[in-house]
Amino acid sequence: MTHLPMAWALCVAAFLLLVTGPAWSSGAKPRNQAPADPAKSANQDGKAEARLVEVYRLIGTSNSHAALSSAQALVKDYPNFQLAQLVYGDLLTAHNRPVRALGEFAGDLPPDATSRLQELREESRLRLLALKERPPKDAVPTQLLSLSPRNKHAIAVDVSRSRLYLFENGANGPRLLADYYISVGKAGVDKKIEGDQRTPLGIYFITSNLDPKSLKDLYGSGALPINYPNALDIRRGRSGSGIWLHGTPSNQFSRAPHATDGCVAVANPDLDRIIRTVEIRTTPVVISRNLKWVAPQSMSLEKTRFEEVLQSWVKAKSAGEFVQFSGFYAEDFTADEKTLAIHSTLKKTSSAAARARSIKLSDISLLQWAEESGLVVATFGEVIAGEKSGRTIRQYWERRKAQWKIVYEGVVG
């Protein structure tokens, strides 16, 4: 007899009875037995978690024999999935005596092992919470105010749920492709200084794709650095470097919710999917304490109002009236060298001739920082009449005394 469903199982079954849909089906092929055909092996992301959820579901419906069989297959296919090993151990123990809590089979443990057990319990809780509290259909995080066609994908991280959400941007706006369990800094979030073991909060962009052969085993199957510290971080005196989205070491399928030195870590199959999907330089990465999900149309008025501000800036710049143009910039405005050179040239050439040069913007991307009122990161292409090519500009706008002001402007790439 298996002594599980009414004790240990209740801590997960209540969540899982609310989880529905084909996205959490079982029967995935294990990563270490994936076929050689890349087209077939390209879909291993999320499978291990889906199979673990199926084990939980079987426990919650008192089908303990099927749960044990599924758990045994799962740990065979993913021997480094420690949470799955823990569940399997409980299922084996439950044949002989009641199990009242996840990991009870382990018995008395030394302090370091007890700490790891608590981490696995928290990982289990967060995985189930994220599956219970699914984003509303077609909703997007408030940070994704408006993506341009150049932003083919976007990433949003919800630290409170230890979850990363991957979006595809299409004609109808961002669409959720997949979401994955993640780990963040050992000391939490809101990075301020080098070595504080915190993960930064804010709006960032993927800057490169590191060669896996150059990485230590700690970083798993790859790494995607982001541009921390960004211009706003530097203005605020924040320091540090080397913040990556990376994989997990070979002996761990996943890491504890707070386990990195500041990076965001995901399971290697999940990272492989992300690396195959996103583009460097144009993919935004939003890292938030708690994502707020809304219907895209609910942000249309806010988007329109800010676009009007941006077009007013373009009009002033096109007119060549430096005084009017400079009114859009904060008194403590900073810029890169290229931007300062542009401003210097504009000031010198403010004339009737300069006013004849129209400026057009393209591929406008607007990302707002929802955790702080009045902050928008605008990225767009700028083409000046008469020039053969344009430039890509990124601006950080802050609302100051009911007016939008540019606090930083730089040329991207």
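Numbers given to residues run from 1 along each chain, matching the order in which its sequence is written. Where local features are concerned, this predicted model is filtered to residues with pLDDT of at least 70; where side-chain atom pairs are given and counted, the filter is 80 or more; whole-chain, interface and lining totals use all residues. No hydrogens and no water enter the side-chain calculation; it runs on all heavy atoms of the structure.

### Observations concerning the overall build of the chain
(1) Moving on: Summing up its helical and strand segments, the chain has twelve helices and 16 strands in all.
(2) Moving on: Classification of residues uses two cut-offs on accessible area relative to the type maximum, computed with a 1.4 Å probe and protein chains only: under 20% is buried, over 50% is exposed, and between them is partly exposed. Counting all 413 residues of the chain, 53% fall into the buried class.
(3) Moving on: Throughout, a contact is declared for two residues whenever any of their heavy atoms are within 4.5 Å. Pairs at least 24 residues apart make up 65% of the contacts formed inside the chain by residues separated by at least 6 positions. Strands are runs of DSSP state E lasting at least 2 residues, helices are runs of H or I lasting at least 4, and numbering of each runs from the N terminus.

### Structural notes on the confidence of the model for the chain
(1) Moving on: Each residue carries a pLDDT score, the predictor's own confidence in it, on a scale running from 0 to 100. Of all residues in the chain, 83% attain a pLDDT of 70 or more, and the chain-wide mean is 85.
(2) Moving on: Low confidence marks residues 1-41, where pLDDT is under 50. Its contacts with residues over four positions away, or in another chain, come to 77 contacts.

### With respect to the pairing of strand β4 (residues 173-185)
(1) Moving on: Whether two strands pair comes down to DSSP finding at least two bridges between them. Sheet topology note: the strand β3 (residues 163-170)/β4 ladder contains eight bridges and is antiparallel. In the sheet register, Glu168 faces β4, and the bridge partner there is Arg175.
(2) Moving on: Bridge analysis of β4 against strand β9 (residues 264-266) gives two bridges, and the strand direction is antiparallel. Paired with Ile182 across the strands is Val266, a residue of β9.
(3) Moving on: Bridging between β4 and strand β8 (residues 258-260) involves two bridges; their strand directions are parallel. Bridging across to β8, Gly185 finds its partner in Thr260.

### Considerations on the packing of aromatic side chains
(1) Moving on: We call Phe, Tyr and Trp rings a pair once their centres come within 6.5 Å, taking the six-membered ring for Trp, and we label the pair stacked below 30 degrees between planes, edge-to-face above 60, and tilted otherwise. All chains considered together, the criterion is met by 14 aromatic pairs.
(2) Moving on: When the ring of Phe306 is compared with that of Trp397, the centres are 5.4 Å apart and the planes differ by 85°; the resulting orientation is edge-to-face. Taken together, the residues span a long stretch of sequence, with Phe306 in helix α9 (residues 300-319) and Trp397 in strand β15 (residues 391-400) at a distance of 91 residues. For the pair shown, Phe306 and Trp397 are each scored as buried.
(3) Moving on: Ring geometry for Trp313 versus Phe325: centroids 6.1 Å apart, planes at 40°, classification tilted. Note that Trp313 is positioned in helix α9 and Phe325 in helix α10 (residues 322-326), a separation of twelve residues in sequence. This pair shows no difference in class: Trp313 is buried, exactly as Phe325 is.
(4) Moving on: Through successive ring pairs, a cluster of aromatic residues spans Trp313, Phe322, Phe325, Tyr329, Phe333 and Phe380.
(5) Moving on: Here, over-ring charges are defined by two tests on the NZ atom of lysine or the CZ atom of arginine: distance to the ring centre within 6 Å, and angle to the ring normal within 35 degrees. A cation over a ring is seen here: Arg127 above Tyr181, with NZ or CZ 4.3 Å from the ring centre.
(6) Moving on: In this structure, Arg394 is placed above the aromatic ring of Phe205, and the distance from its NZ or CZ to the ring centre is 3.7 Å.

### Thoughts on the nonpolar core
(1) Moving on: The biggest cluster of nonpolar side chains holds 47 residues, and the ones touching the most others in it are Ile155, Leu164, Leu245, Ile274 and Ile287.
(2) Moving on: With sequence-adjacent residues up to four places away left out, Ile274 is seen in contact with Ile155, Leu164, Leu166, Tyr180, Leu224 and Leu245.
(3) Moving on: Of all hydrophobic cores here, the second largest spans 27 residues; its members include Leu361, Val376, Ala378 and Trp404. By nonpolar core is meant a set of buried Ala, Val, Leu, Ile, Met, Phe, Trp, Tyr and Cys residues that side-chain atoms within 4.5 Å join together.

### Digging into the pattern of salt bridges
(1) Moving on: When a carboxyl oxygen of Asp or Glu is within 4 Å of a side-chain nitrogen of Lys or Arg, the pair counts as a salt bridge. All chains considered together, the criterion is met by 24 salt bridges.
(2) Moving on: Put simply, Lys192 and Asp190 hold a salt bridge, and the shortest N to O gap is 2.8 Å.
(3) Moving on: Among the residues examined, Asp190 registers a relative accessible area of 18% and is labelled buried.

### Some details on unusual backbone geometry
(1) Moving on: The omega torsion of the bond from Tyr228 to Pro229 falls at -5°, within 30 degrees of zero and hence cis.
(2) Moving on: Locating Pro229 in the fold gives a position in the loop between β6 (223-225) and α7 (231-235).
(3) Moving on: Backbone geometry places Asp190, a non-glycine residue, at a positive phi of 70°.
(4) Moving on: Considering the arrangement of structural elements, one finds Asp190 in the loop between β4 and β5 (202-205).

### Brief notes about the packing of helix α4 (residues 64-77) against helix α5 (residues 82-93)
(1) Moving on: Note on method: axes are straight lines fitted to C-alpha atoms, helices fitted across the in-contact stretch only, with angles between N-to-C directions ranging 0 to 180 degrees. Following both chains from N to C, one finds α4 and α5 inclined at 145°, their axes separated by 9 Å at the closest point. Crossing angle aside, the handedness with which α4 passes α5 is left-handed. Contacts between α4 and α5 pair Ala67, Leu68, Ala71, Gln72, Leu74 and Val75 from the former with Ala84, Gln85, Tyr88, Leu91 and Leu92 from the latter.
(2) Moving on: The residue makeup of the contact of α4 with α5, split by class, is nine nonpolar, two polar and no charged. Each crossing gets its hand from how the near helix is turned against the far one by less than a right angle, where anticlockwise is left-handed and clockwise is right-handed. Asp, Glu, Lys and Arg are counted as charged, while Ala, Val, Leu, Ile, Met, Phe, Trp, Tyr, Cys and Pro are counted as nonpolar; the rest, among them Gly, fall into the polar class.

### Here we look at helix α8 (residues 268-277)
(1) Moving on: α8 sits mainly inside the fold: eight of its ten residues count as buried.
(2) Moving on: Along α8, the residues that are buried comprise Asn268, Pro269, Asp270, Leu271, Asp272, Arg273, Ile274 and Thr277.
(3) Moving on: Contacts from the buried residues of α8 go to β2 (153-158), β3, β4, β6, β7 (244-246) and β9.

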